[in-house]
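# Structural description and commentary
Residue strings, one per chain:
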Amino acid sequence: QVQFVESGGDLVQAGGSLRLSCTASRGTFDFINIAWYRQAPGQQRLFIAGIRTDDITNYSDSVKGRFTISRDNAKNTVYLQMNSLKPEDTAVYYCNVLPGRGFFPWGRGTQVTISS
């Protein structure tokens, strides 16, 4: 099974940008639909962006127009470009499969903190 590793989180000011990366320490992404999720303190983990193997993407309303998900199968990596960041984007960000048929084990996530 796939073991996800997230990276790229940081502390940035509101209005700034970050690019998160999702790789696999075990397994390959080539035939897997991948999504990014985030979990703010005291809240549920929520879907924010997904990309299918045919590169079709979808986004939650909270990030649409600001975040872009992409994949590079040659590097076994999925990216999340985050622009125009807001304090409410502060959360731990995780990657996993698209929702619907269960998940692989969750990675440790990467912390994103946006200061106002």
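Note that the structure is a prediction, hence the values are computed from the model and not measured.

Residue position: Met82 is located in strand β8 (residues 77-82). Overall, Met82 belongs to the buried group, its relative accessible area being 0%. Between the C-alpha atoms of Met82 and Leu98, which are 16 residues apart in sequence, the distance is 19 Å. When residues no more than four places from it in sequence are discounted, the contact partners of Met82 are Gly16, Ser17, Leu18, Leu20, Arg66, Phe67, Tyr93 and Val112.

The next thing to look at is the nonpolar core. Core analysis: the largest hydrophobic core is formed by 29 residues, its most contacted members being Trp36, Leu80, Met82 and Tyr93. Counting only elements with at least two residues in this core, the list comes to β3 (18-26), β4 (34-39), β5 (45-51), β7 (67-72), β8, β9 (91-97) and β10 (110-115).

Now for the pairing of strand β1 (residues 3-7). Here β1 shows a buried face lined by Phe4 and Glu6 and an unburied face lined by Gln3, Val5 and Ser7. Where β1 lies against β3, five bridges are found, and the strand directions are antiparallel. By the bridge assignment for β3, Gln3 is matched with Arg26.

Now for the packing of aromatic side chains. Centre-to-centre distance and the angle between the planes together describe a pair of aromatic rings. For the structure shown, the criterion picks out seven aromatic pairs. On the basis of an interplanar angle of 85° and a centroid distance of 5.7 Å, the ring pair of Tyr37 and Phe103 is categorised as edge-to-face. Remark: Phe103 occurs in the loop between β9 and β10 and Tyr37 occurs in strand β4; sequence separation between them is 66 residues. What makes Tyr37 buried here is its relative accessible area of 4%. We classify Phe103 as partly exposed; its relative accessible area is 42%. Between Tyr37 and Trp106, the aromatic rings sit 5.2 Å apart at their centres with planes inclined by 85°, giving edge-to-face as the arrangement. With Tyr37 in strand β4 and Trp106 in the loop between β9 and β10, this pair connects stretches of sequence that are 69 residues apart. Through pairs of rings, three or more aromatic residues link up here, namely Tyr37, Phe47, Tyr94, Phe103 and Trp106. Sitting over the face of the ring of Tyr79, Arg19 holds its NZ or CZ atom 4.1 Å from the ring centroid. Seen from the ring of Tyr94, Arg45 lies directly overhead, with NZ or CZ sitting 4.1 Å from the centre.

Quick notes on the rules
Residues numbered from 1 in each chain as written. Predicted model: local features only at pLDDT ≥ 70, side-chain atom pairs only at ≥ 80, totals over all residues. Heavy atoms only, no water. Helix = DSSP H or I, 4+ residues; strand = E, 2+ residues; numbered from the N terminus. Buried < 20%, exposed > 50% of the residue type's maximum accessible area, 1.4 Å probe, protein only. Contact = heavy atoms within 4.5 Å. Core = buried A, V, L, I, M, F, W, Y, C linked by side-chain atoms within 4.5 Å. Pairing = 2+ DSSP bridges. Phe/Tyr/Trp six-rings, centres within 6.5 Å; stacked < 30°, edge-to-face > 60°. Lys NZ or Arg CZ within 6 Å of the ring centre and 35° of its normal.

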